[in-house]
Amino acid sequence: MAHIPAATLGNKNKKHFLGVPAPLGYVAGVGRGATGFTTRSDIGPARDANDVSDDRHAPPAAKRKKKEEEEEDDEDLNDSNYDEFSGYSGSLFSKDPYDKDDAEADAIYESIDKRMDEKRKEYREKRLKEDLERYRQERPKIQQQFSDLKRNLIAVSEEEWSNLPEVGDSRNKKQRNPRAEKFTPLPDSVLSRNLGGESATAIDGRSGLASMIPGVATPGMLTPSGDLDLRKIGQARNTLMNVKLSQVSDSVAGQTVVDPKGYLTDLQSMIPTYGGDINDIKKARMLLKSVRETNPYHPPAWIASARLEEVTGKLQMARNLIMRGCEQNPQSEDLWLEAARLQPPDTAKGVIAQAARRIPTSVRIWIKAADLETEPKAKRRVFRKALEHIPNSVRLWKAAVEMENPEDAKILLSRAVECCGTSVELWLALARLETYENARKVLNKAREKIPTDRQIWTTAAKLEEANGNIHMVEKIIDRALSSLSANGVEINRDQWLQEAIEAEKSGAIKCCQAIVRAVIATGIDEEDRKQTWIDDAENCAKEGAYECARAVYSYALSEFPSKKSIWLRAAYFEKNHGTRESLEALLQKAVAHCPQSEVLWLMGAKSKWLAGDVPAARGILSLAFQANPNSEDIWLAAVKLESENAEYERARRLLAKARASAPTPRVMMKSAKLEWALNNLEDALSLLEDAVKVFPDFAKLWMMKGQIEEQKDLLERAGESYNAGLKRCPNSIPLWLLLAALEEKRKLLTKARSVLERGRLKNPKNALLWLAAIRIEIRAGMKDMANTLMARALQDCPNAGELWAESIFLEARPQRKTKSVDALKKCEHDPHVLLAVSKLFWSERKLQKCRDWFNRTIKIDPDFGDAWAYFYKFELQHGTEQQQNELIERCNAAEPKHGEEWCKVSKNIANWCYKTEDVLKGVVRILPTPI
């Protein structure tokens, strides 16, 4: 055989296409299903041909070449580079030495350049930034064009990503989706049999389908018949499944070895409760191990290590660690307590017993030992054992006493005060359990042992009061103050007042009053006494200590008997928290000391009148007349008393006397109002005509005159009265509103608008005039004009709650909520806005929210009658009878006087005798339900 050279063999094995150019249109991998793609490296950076050049993407050779060219240009300083104006373009002296003068000159030039540069720097940077942004907007990069689409890829799930189709890449698709179903085509013979209408239950061995079933038709395996039974194959499969399932069963007990419930419980217990990083646990474990090894006598290290293992679910390891710590530090009660906490209850008893042997003087360990016991008898035994070791522990004595019955507790406490003679609590507890005589002895011993504690003295005073020795109470308190002062104890006024409050809460009224009288003047400057005592009384009233407050007021009035302000505060206190008898008794004293105070007289008369004692009220007012002969308030109160009790003739006579002796505008107004209420319109008009001549600047007289003329259908005269009144009282808003309403009533809308416009000119930034103008447009059906006026009004009065409340319901239903939010931002505490929000919730049937907002409204302004009326109407529809009655009681206590809808009823002359409840129900009848 001839020898063949190795080079020839190498050429023979070499593929013929290597080194040959690829044919036209060739794409690598297309034959095996791959698809060609283009990257940025093939087409260059994502820039347009006209973009500004970026040298970052230039090859290193090009960068070097460019650098060399720049250096050559610098060195090339021949005549061709010379310019007559600017000289050479390069440096003439680059080869000369660089000395200090050059450095100084360069620094000067550099500072000048820097100064010149700073002048236009901000403008230049702003201009450059704008140019760059504009350039990028005109010619964005490819990355920027597709950035929004890339951002949306966050929402693509893993399943959607795997299902993305790729053209021609069937091999990779199978790899990406391995869970896709695989279908094996059946041979035609099976299809032909089924199409022929046969229902075959066996497989022909010759058909080729049997070879697809494992173990049925394999090469080399003989079958007795050519057909296979499908039913038998299914039965065999079920039998095989049953055999596998029965393998996990217990053949002896006949029950399943795996208990599903217990198994799940075990799994749950194996799950660690700590959800942090496992590396953090390892680091903490190493650090704590290092601390333990460095200083094994440091208990916190052992406790921290045990708690770390407990948190990570390794409870047994935690127990082992803490017990090792107890061995290392047998005198640490924290370690023993932690060990008892980690152990199960039965084991914990043994641990805590061992701890008690090691540290018999630890109170906490004995307390823990008692807590671990379940039976009271065992607890008592533990406490007694503890007291043998620690007889001076107040905490142990108290715990032991709590476990005993009263007789045994008395015995224990008598021993306790011997061992712990400085414990006030033990002395007081013993005194409470003893009889009166023994308790006195116990408290005397306690005072000897502890001469510096005030609680022993106050307890003694309470004891005397409880046993009827009232005269001893004040003596004991006085002796207490002198004894404590003698023993160097500072008399703290606030602490003693707090002691008085506690005494009142415990039922010792005389004791609390004695304490107040004894300490109220302690440590106060002469000029601050009045205000300090008023503040003390108010603080006591806030805490519910009304007897203390009463005692403070009593002491203050004894020191300042002629101060009207203190009498008034005391009277209001009695009115709110006392009885009618206590109020009247106080007012009798008050008017005796301050006869010139009209308010005190009137309060006394009103109290008698409300109690139904009209003659007594008249007597008080007659005395008030004697003390204040020309008092307008007393005259009018007497008139009101008579008119309320239907004594109209007496009221007329009183008013006539008042006009003769004290002719004031209010007296004239009340005289006309009485005649108007009794329907004597001519007498009322004549009184008003006389009154406006004498008091032309009192606007209410003009209003009443115009209203009476309106009632008599004398609309022209009413208009003249209103106009005359406005000439004298141009700042009276109700007069403007009455005149506008009259013009609207006469169907003269243009005049009504004109009146309100004039009113706004005279009284700028007035919300009520704007509101009246808006409502005129709404009633006229001109919604657009109303919206325009509302916008102007809110510009003129941006914080007017009335306007914001109206604007909420001017909006369509979907926009009301947004408007209400704006209104609350502007007028957070305005009752009109809060009422509008309440009505909004009512219209949306959010009943609980509506009730809450109604409560907020009446709390912010209890005098706002409209809120009470809407709230009562709401409760009538959606509340219980109890809620309705409670609301009526609250309204009667508040006595509201203002509100647009409220005044329509209360100011109506036909309702002049209405009480608050009557007005409330009258307003509810005319109120619409919010829609």
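Residues numbered from 1 in each chain as written. Predicted model: local features only at pLDDT ≥ 70, side-chain atom pairs only at ≥ 80, totals over all residues. Heavy atoms only, no water.

(A) Representation of the overall build of the protein within the structure. Helix and strand counts for the protein stand at 51 helices and 4 strands. Each of the 931 residues in the protein was classed as buried or not, and the buried ones make up 34%. Taking the intrachain contacts of the protein between residues at least 6 apart in sequence as the baseline, contacts between residues at least 24 apart amount to 50%. Accessible surface for the protein amounts to roughly 59,200 Å². Of this, 53% is attributable to carbon and sulfur atoms. (Helix = DSSP H or I, 4+ residues; strand = E, 2+ residues; numbered from the N terminus. Buried < 20%, exposed > 50% of the residue type's maximum accessible area, 1.4 Å probe, protein only. Contact = heavy atoms within 4.5 Å. Areas by Shrake-Rupley, 256 points an atom, 1.4 Å probe, with all protein chains shown as cover.)

(B) Local environment of the pattern of salt bridges. What the rule picks out here adds up to 42 salt bridges. The closest approach of N and O atoms between Arg341 and Glu310, which form a salt bridge, is 2.9 Å. With Arg341 in helix α16 (residues 333-342) and Glu310 in helix α14 (residues 299-311), this residue pair connects regions lying 31 residues apart in the sequence. Arg341 gets classed as partly exposed once you look at its relative accessible area, which sits at 40%. With a closest N to O distance of 2.5 Å, Arg341 and Glu338 form a salt bridge. Of this pair, Arg341 and Glu338 both sit in helix α16, separated by 3 residues, roughly a single helical turn. Residue classification places Glu338 among the buried residues on the basis of a relative accessible area of 5%. One network of salt bridges, with partners in common, ties together Arg307, Glu310, Glu338 and Arg341. (Salt bridge = Lys/Arg side-chain N within 4 Å of Asp/Glu carboxyl O.)

(C) Region of interest: a nonpolar patch on the surface. Side chains of Ile108, Tyr109, Ile112 and Met116 sit close together on the surface and give an oily, nonpolar patch of about 430 Å² of accessible area. Note that Ile112 resides in helix α4 (residues 100-119). By relative accessible area, Ile112 is classed as partly exposed at 42%. (Patch = residues over 30% accessible without salt bridge, like charges linked within 9 Å, V, L, I, M, F, W, Y side chains within 5 Å.)

(D) Structural view of a positive patch on the surface. Among the surface-exposed residues, Lys575, Lys606, Lys640, Lys670, Lys673, Lys700 and Lys907 lie close enough to one another that they form a single positively charged patch. Checked against the element boundaries, Lys673 lands in helix α36 (residues 665-677). According to the relative accessible area criterion, Lys673 is partly exposed, its value standing at 36%. (Lys, Arg positive; Asp, Glu negative; His and termini not counted. Charge placed at Lys NZ, Arg CZ, Asp CG, Glu CD.)

(E) How the structure looks around helix α49 (residues 881-894). The end-to-end C-alpha distance of α49 is 20 Å, a good match for the 20 Å that 14 residues give at a rise of 1.5 Å each. Here α49 has its buried residues at Gln884, Leu887, Ile888 and Cys891. Down the axis of α49, the smallest arc covering the buried residues is 100 degrees, so these residues share one side. Within α49, the exposed residues directed more than 90 degrees away from the buried face are Gln882, Glu889 and Ala893. The inward-facing, buried residues of α49 contact α48 (865-878), α50 (900-906) and α51 (916-926). Among the residues trailing α49, Glu895 stands out with phi positive, at a value near 50 degrees. (Expected span 1.5 Å × (residues − 1). Arc of directions from axis to C-beta.)

(F) The arrangement of the packing of aromatic side chains in detail. In the structure shown here, the tally under the stated rule is 10 aromatic pairs. Between Trp533 and Phe560, the ring centres sit 6.0 Å apart and the planes meet at 55 degrees, which makes this aromatic pair tilted. Remark: Phe560 occurs in the loop between α29 (546-559) and α30 (564-577) and Trp533 occurs in helix α28 (residues 529-542); sequence separation between them is 27 residues. Like Phe560, Trp533 is buried. (Phe/Tyr/Trp six-rings, centres within 6.5 Å; stacked < 30°, edge-to-face > 60°.)

(G) Quick look at the nonpolar core. Residues Ile365, Leu396, Trp496, Cys511, Val516, Cys548 and Leu600 are the most contacted members of the largest nonpolar core, which totals 128 residues. No other element matches the 7 residues that α29 contributes to this core. Aside from chain neighbours lying at most four places away, what touches Val516 is Leu497, Ala500, Cys548, Ala551 and Val552. In terms of nonpolar packing, the next biggest core, distinct from the first, is built from 85 residues, Ala684, Met703, Trp804 and Ile858 among them. (Core = buried A, V, L, I, M, F, W, Y, C linked by side-chain atoms within 4.5 Å.)

(H) Structural view of the side chain of Thr458. Assignment of secondary structure puts Thr458 in helix α24 (residues 454-466). Look at Thr458 and you get buried, because its relative accessible area is 1%. Ignoring any residue separated from it by four or fewer positions in sequence, one finds Thr458 in contact with Trp496, Glu499, Cys511 and Ile515.

(I) Main features of the environment of Ala805. Within the secondary structure, Ala805 sits in helix α44 (residues 801-810). For Ala805, a relative accessible area of 13% gives the class buried. When the C-alpha positions of Ala805 and Lys819 are compared, they lie 9.3 Å apart, and in sequence the two are 14 residues distant. For Ala805, the residues in contact, after removing those within four places along its chain, are His832, Val833 and Ala836.

(J) Representation of unusual backbone geometry in the model. Of note in the backbone geometry, Asp713 takes a positive phi value of approximately 65 degrees without being a glycine. Residue position: Asp713 is located in the loop between α38 (699-711) and α39 (715-728).

(K) Expanded view of the packing of helix α23 (residues 436-449) against α24. At a minimum axis distance of 10 Å, the contact between α23 and α24 shows a crossing angle of 165 degrees. When the axes of α23 and α24 are compared, the pair comes out roughly antiparallel. For α23 against α24, the interelement crossing comes out left-handed. Each of Tyr436, Ala439, Arg440, Leu443, Ala446 and Arg447 in α23 lies in contact with α24, whose residues at this interface are Ile456, Trp457, Thr459, Ala460, Leu463 and Glu464. Partitioning the contact of α23 with α24 into residue classes produces 8 nonpolar, 1 polar and 3 charged. (Axes fitted to C-alpha atoms, helices over the stretch in contact; angles between N-to-C directions. Parallel < 35°, antiparallel > 145°, perpendicular 65-115°, else oblique. Left-handed = near helix turned anticlockwise from the far one by under 90°. Nonpolar A, V, L, I, M, F, W, Y, C, P; charged D, E, K, R; others polar.)

(L) Focus on the side chain of Arg319. Secondary-structure assignment places Arg319 in helix α15 (residues 315-328). Leave out the neighbours within four places in its chain, and Arg319 touches Leu342, Gln343 and Pro344.

(M) Broad picture of the packing of helix α13 (residues 278-294) against α14. Between α13 and α14, the least distance of the axes is 9 Å, while the angle of their chain directions is 155 degrees. Classed by the angle they form, the pair α13 and α14 counts as roughly antiparallel. As for how α13 packs across α14, the hand of that crossing is left-handed. Along its contact with α13, which presents Ile281, Ala284, Arg285, Leu288, Val291 and Arg292, the element α14 presents Ala301, Trp302, Ala304, Ser305, Leu308 and Glu309.

(N) Highlighting the environment of Leu497. Mapped onto the elements, Leu497 comes out in helix α26 (residues 493-505). Once you skip the residues sitting within four places of it in the chain, Leu497 turns out to touch Val516, Val519 and Asp536.

(O) Local environment of the confidence of the model for the protein. On average, the protein scores 78 in pLDDT, and the residues at 70 or more come to 80%. Within the model, pLDDT remains below 50 along residues 169-174, and this stretch shows 1 contact once partners closer than five positions in the same chain are excluded. Long-range and interchain partners of residues 248-271, a stretch whose pLDDT sits below 50, account for 6 contacts in this model, where long-range means more than four residues apart. (pLDDT = per-residue confidence, 0-100.)

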